[in-house]
Amino acid sequence: MLNVIGYSAAGPHDKLKPHRFTCEDPRAIDVQIEVMYCGVCHSDIHQVKNEWSNTVYPCMPGHEVVGRVAAIGSGVTRHKVGDIVGVGCMIDSCRACEACLAGEQNYCIGPNSWLATYNGPMVPAAKAPNGRNSYERDNTFGGYATAIVVKEDFVLKIPHNLAPEKAAPILCAGVTTYSPFKHWGVKPGDHVGIIGYGGLGNMAAKIAKALGATVTVFTTSADKRSLAEAAGAERAILENDEKTLASLAGTFDFILSTVPTKHDVNPFVALLKRDRTLVIVGALEVMEPTNNMPVAFKRRSIAGSLIGSIAETQEVLDFCAEHDVTPDIEIIPIDRINEAYERVEQGDVRFRYVIDMGSLRTASE
Ligand code: ZN
Ligand code: ZN
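The rules behind these values
- Residues numbered from 1 in each chain as written.
- Chains lettered and ligands numbered in written order.
- Predicted model: local features only at pLDDT ≥ 70, side-chain atom pairs only at ≥ 80, totals over all residues.
- Heavy atoms only, no water.
- Salt bridge = Lys/Arg side-chain N within 4 Å of Asp/Glu carboxyl O.
- Helix = DSSP H or I, 4+ residues; strand = E, 2+ residues; numbered from the N terminus.
- Domains from an automatic or database assignment.
- Buried area = accessible area lost by both parts, 1.4 Å probe.
- Buried < 20%, exposed > 50% of the residue type's maximum accessible area, 1.4 Å probe, protein only.
- Donors = N, O, S within 2.8 Å, 3.2 Å for Na, K, Ca; no water.
- Tetrahedral: all angles 85-135°; square planar, octahedral: opposite > 155°, others 65-115°.

1. Some points on the pattern of salt bridges
Okay, step 1: Per the stated rule, a full pass over the model turns up 18 salt bridges.
Okay, step 2: Across the salt bridge formed by Asp92 and Lys151, the nearest N and O atoms sit 2.6 Å from each other. Of the two residues, Asp92 sits in strand E6 (residues 90–92) while Lys151 sits in strand E8 (residues 147–151), which places them 59 residues apart along the sequence.
Okay, step 3: One network of salt bridges, in which partners are shared, links Asp92, Arg95, Lys151 and Asp153.

2. Quick word on the domain arrangement of the protein
It is common to give the size of an interface as the accessible area that goes away when the parts come together.
Okay, step 1: You can read the domains of the protein as domain 1 (2–172 + 327–364) and domain 2 (174–304).
Okay, step 2: Between domain 1 and domain 2, the C-alpha centre-to-centre distance is 28 Å.
Okay, step 3: Both faces considered, domain 1 and domain 2 share a buried interface measuring about 1,200 Å² in area, 50% of it formed by carbon and sulfur atoms.
Okay, step 4: Per-residue buried area on domain 1 facing domain 2 is highest for Cys172, Asp328 and Arg350; these three make up 37% of the total on that side.
Okay, step 5: In this structure, Asp328 engages Lys206 in a salt bridge whose closest nitrogen and oxygen atoms are separated by 3.0 Å.

3. Topic: the environment of Ile337
Okay, step 1: By secondary structure assignment, the location of Ile337 is in helix H11 (residues 337–345).
Okay, step 2: Look at Ile337 and you get buried, because its relative accessible area is 0%.
Okay, step 3: Placed 330 residues apart in sequence, Ile337 and Tyr7 show a C-alpha to C-alpha distance of 9.0 Å.

4. Thoughts on the coordination of the zinc ion (ligand 1)
Okay, step 1: Bound to the zinc ion (ligand 1) on the protein side are Cys41 (SG), His63 (NE2) and Cys172 (SG), at distances that span 2.0 to 2.2 Å.
Okay, step 2: Assessed through its relative accessible area of 9%, His63 is described here as buried.

5. Concerning the coordination of the zinc ion (ligand 2)
Okay, step 1: Binding of the zinc ion (ligand 2) to the protein goes through Cys94 (SG), Cys97 (SG), Cys100 (SG) and Cys108 (SG), at separations of 2.3 to 2.4 Å.
Okay, step 2: Its 4 donor atoms give the zinc ion (ligand 2) angles of 103 to 118 degrees at the centre, a pattern that matches the tetrahedral case.
Okay, step 3: Coordination of the zinc ion (ligand 2) draws on donor residues from a single chain, spaced C-x2-C-x2-C-x7-C in sequence. With Cys94 in the loop between E6 and helix H2 (98–101) and Cys108 in the loop between H2 and strand E7 (115–116), this pair connects stretches of sequence that are 14 residues apart. Neither Cys94 nor Cys108 differs from the other in exposure class; each is buried.

Spelled out as structure tokens, the structure:
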């Protein structure tokens, strides 16, 4: 058995606190990872606070995990001890459904859907057909911990020329934005709009630019405009700047909304060219109603997209290494995590927080 220490919340109104637990040693196909860094995703906060009504407590978040392979099972061939590796949002799926066979584990339609890196399967226990919420586990603990054990084919390789702390946010924020760019065929010369400029928006702007697109960022914060432009956006516009918005009507090939909560996409639909798509990746909830008039008159689409597959996650890591695309981050020790959550919720964050898990190891010694 492996002794692990992490940070978890006991309930929806509780702060994250140190939590010791034991984890099984790696089986034949498992990789044991000593966690070095873990990104802080807005989903972590939604989940800790039970805002999607499916949280299993104690809840130990973290799905932007980068670390060093500490041990491997006897059957592991893809990774070796000492490798720098990553774990994103998923650690298993049914492996048998149409989506899994197509390599799109993130759309698994197996009885329990995919197994999330933390908080167990994507189906609440009460709805799981076997009455248990698991392929193997009722709950899972994520990367806010000193170690994690994951099946080898859900472990990603971190390219050598990508700093481990900067690779962490690519595992969720990176692939969540890269996957729709690829699916909807964003290409050099396209005009891409990014709504919202937090962790997802920052990655989206940089990846779209590296794909050869011209990027316009829409934000509600005046001081984020210069940050977006410094990150490679051609321009950043205030969302309430109706005059500039009107001047851009019908000029976008693709628009991605990264806003993590309910919002109104109507002002942006008119900015799309005919037959183009606005994709929502930030919010997983009932949105403001949309007016179908501007949608129908230009045969536009409003769509959604959920993270990305394991293959796409490896692809975006390799893409970011090749094109020198890295998120803007601020590294924090684990004991600042509750303060970090407050700042993320206030929209007061200029960079993605990445937890230095060495701070947890040192504190627990
Ligand atoms: Zn995430
Ligand atoms: Zn499946």
